[in-house]
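# Topology and contacts: notes
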Amino acid sequence: MIFSQIKDSLEFDLIPYNIRWLVSLFLLTTFLIVLLLCITVFSKFGESTKYTTSAKSEFFQYKPHDKNSSSILIKNYRTSFDCDEYSPQLIKETAVLNIAKGATLSMTRFGNGELKIEMLGLDAEHSAGNLETDYDETELPICFSTLIELNELNPVFSVNIIGDISIGLELTDANDAYFPILLEGEVLITDLSLITNSAYQLSPQKINKGEHLYFSENQSPSKGLIRAEYQSNAIDGVIFSNGGEVYIQQYRTAGKPIETSFLNRISDDNESVITFSILIIFIQFISFSISFLLRLKILKNYTEENQNEKAIDEIT
Amino acid sequence: MFFRLWFLSLMAISSVNAEDYKLVDFSEEYSDNVDVSGGLLIGYQLIGSTLTKSKKHIYLSKPDDVDKVEIVISTIDGVYSASMKIEFIRESNGWLPIHFPSEHAEKLKGYDQSELVAYGFTRKKDRAKKTYLQIFPVSWELPSANSKLKPKFFINSASSMPRYNIKRKDSFCKKINAEVKTAFNFYCDISEDFPNGNNLILFNTGSGKKKKYLVWN
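Keep in mind the model is a prediction, meaning the values are calculated, not measured.

Quick notes on the rules
Residues numbered from 1 in each chain as written. Chains lettered and ligands numbered in written order. Predicted model: local features only at pLDDT ≥ 70, side-chain atom pairs only at ≥ 80, totals over all residues. Helix = DSSP H or I, 4+ residues; strand = E, 2+ residues; numbered from the N terminus. Contact = placed C-beta atoms within 7 Å. Core = buried A, V, L, I, M, F, W, Y, C linked by C-beta atoms within 7 Å. Buried ≥ 20, exposed ≤ 12 C-beta atoms within 10 Å, placed from the backbone. Pairing = 2+ DSSP bridges.

Let's shift gears to the overall build of chain A. For chain A, the helix and strand inventory stands at 4 helices and 19 strands. Overall size of chain A, expressed as C-alpha extent along the three principal axes, is 125 × 45 × 40 Å. Looking at chain A alone, contacts between residues at least 24 apart form 70% of all its contacts between residues at least 6 apart.

Following this line, the structure appears as structure tokens:
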């Protein structure tokens with residue numbers, strides 16, 4: 001009923017038969033462009049979105065999802081079995097730290113020299129993990145801390161991590177110590193293209209000094225590599241995560257998920273750019289064709305009317 | 001501890017009225033850039049399970065011999081901060097209802113008990129003439145045997161693993177799960193064997209830095 005009313009009001013009957021299919025094609029293409037635009041505007045980062053976060057930070061924290069997390073190789077270290085006083089003796093032999101399920105591991109490094117690793121068990125009844133040396137294996141108390149001295153003979157510390165990861169600490173107005181902060185970084189986002197669902201990369205999102213980066217909880221564990229080198233400051237890390245959201249939090253503000261504008265999404269997705277360009281050019285071509293054919297029709301009608309008038313004049 | 005709460009609440013109902021104290025000073029600030037309390041300990045408060053919308057009174061428990069108390073109140077997001085100075089005219093005991101004369105009471109209604117925290121204290125000097133704080137418990141609702149209130153410390157620390165020590169027993173504080181943490185970022189559950197009377201509490205926030213408070217309970 002409504003459709004026929006619209007059809008009547010648009011007076012499609014006046015359009016010549018040979019142009020009607022072109023008008024239909026024009027409307028279909030316009031609808032297609034609007035549809036694609038809507039999909040682009042309202043689409044969000046989803047499960048298929050991949051984030052690669054590279055950061056230089058004075059602080060990394062992570063909580064393994066299960067007990068199969070990667071062990072940590074340490075050497076040239078001092079230990080503290082109460083997270084307070086460190087042993088005066090520097091242990092040069094290698095040892096392996098295993099993290100217990102539910103424990104939290106924090107890595108802090110301000111300057112060049114020392115890297116501090118703190119492990120905290122789930123609660124008072126749970127050990128933070130265990131420490132394996134060449135001589136024995138020690139079950140750790142709820143809190144264990146080690147200071148690793150990086151120098152020319154021990155220039156690198158590296159560990160693979162998998163679990164809930166956060167970079168930098170959320171800044172508060174605390175005045176008991178200086179906050180270890182995130183120094184710099186960027187998040188590369190890879191998403192699936194609009195047309196063929198193939199991977200494309202969006203413009204990287206910069207992370208500024210002092211911001212706190214964390215990942216949404218209900219996603220698959222993030223994986224990453226942490227590395228501290230003697231000749232550089234802080235700790236370098238690369239974290240890979242699939243799906244979910246990446247949050248960036250600034251001082252005195254709530255964390256905000258990384259998002260991109262639909263214009264950026266269109267401009268970064270080459271498939272979208274080409275598709276929209278082709279559709280717009282196609283629309284212009286159809287418009288030109290409709291206009292050209294209508295002119296021809298008008299010209300033809302005009303010539304026929306003239307000829308008819310001449311014929312009538314000749315008869316009269 | 002919990003028996004004491006119940007006992008004190010009974011006493012409070014019978015023995016306290018508004019004329020027991022006078023408000024010597026009250027200042028408050030509500031804006032996006034409030035200068036929050038600069039200490040480590042931001043709150044020592046009894047926390048219930050329910051949201052107390054009315055913030056007209058704050059209940060304080062203190063020893064009989066203390067007649068001057070300061071109360072500092074902060075919101076977790078650092079938007080609000082208040083400071084009260086109270087002088088008790090006569091000896092009072094039990095849970096004392098202190099009128100909270102805030103002009104921003106309506107705005108504070110939305111804050112949960114654990115997001116608007118307070119601590120009452122008095123300043124004291126030790127033998128070396130160093131100032132230390134004697135802390136008293138406060139609560140936004142009148143503690144009773146049925147209210148199931150639990151005492152908690154709220155602290156603001158740059159450490160990732162702060163803890164406190166009572167009678168040589170270490171307990172770790174836990175991260176607060178909130179959107180914005182400016183005035184405080186950790187809470188410390190107090191074990192049920194927290195002794196009555198004065199307790200020396202040492203907060204250790206890493207790198208050997210310790211801060212002591214005398215907490216009355």
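Still to come is the rest of the account.
With that settled, consider the nonpolar core. One broad rule of soluble globular proteins: the nonpolar side chains tend to lie buried together. One finds A:Met119 and A:Ala128 to be the most contacted residues of the largest nonpolar core, which totals 52 residues. When residues of this core are assigned to their parent elements, the largest contribution, 5 residues, is made by strand E11 (residues 156-167) of chain A. With 51 residues, the next largest nonpolar core counts B:Leu40, B:Phe186, B:Ile190 and B:Ile201 among its residues.

This part takes up the pairing of strand E12 (residues 169-172) of chain B. All names here are of chain B. Pairing of strand E11 (residues 163-166) with E12, which is carried by 4 bridges, proceeds in the antiparallel orientation. What sits directly across from Asn165, in E12, is Asp170. The hairpin turn running from E11 into E12, its antiparallel successor, is 2 residues long, and Lys167 in that turn takes a positive phi close to 45°.

Residues and elements named next belong to chain B. Within the open sheet, the 7 strands sit side by side as E6-E3-E9-E2-E10-E14-E13. Their pairing is mixed. In this open sheet, the two strands that pair with only one neighbour each are strand E6 (95-99) and strand E13 (174-175). Looking at chain direction, E13 and strand E14 (residues 186-189) are connected through 2 bridges and run antiparallel. Its bridge partner being in E14, Lys174 is matched across the sheet by Tyr187.

Everything listed is a geometric property; what it means functionally is a separate question.
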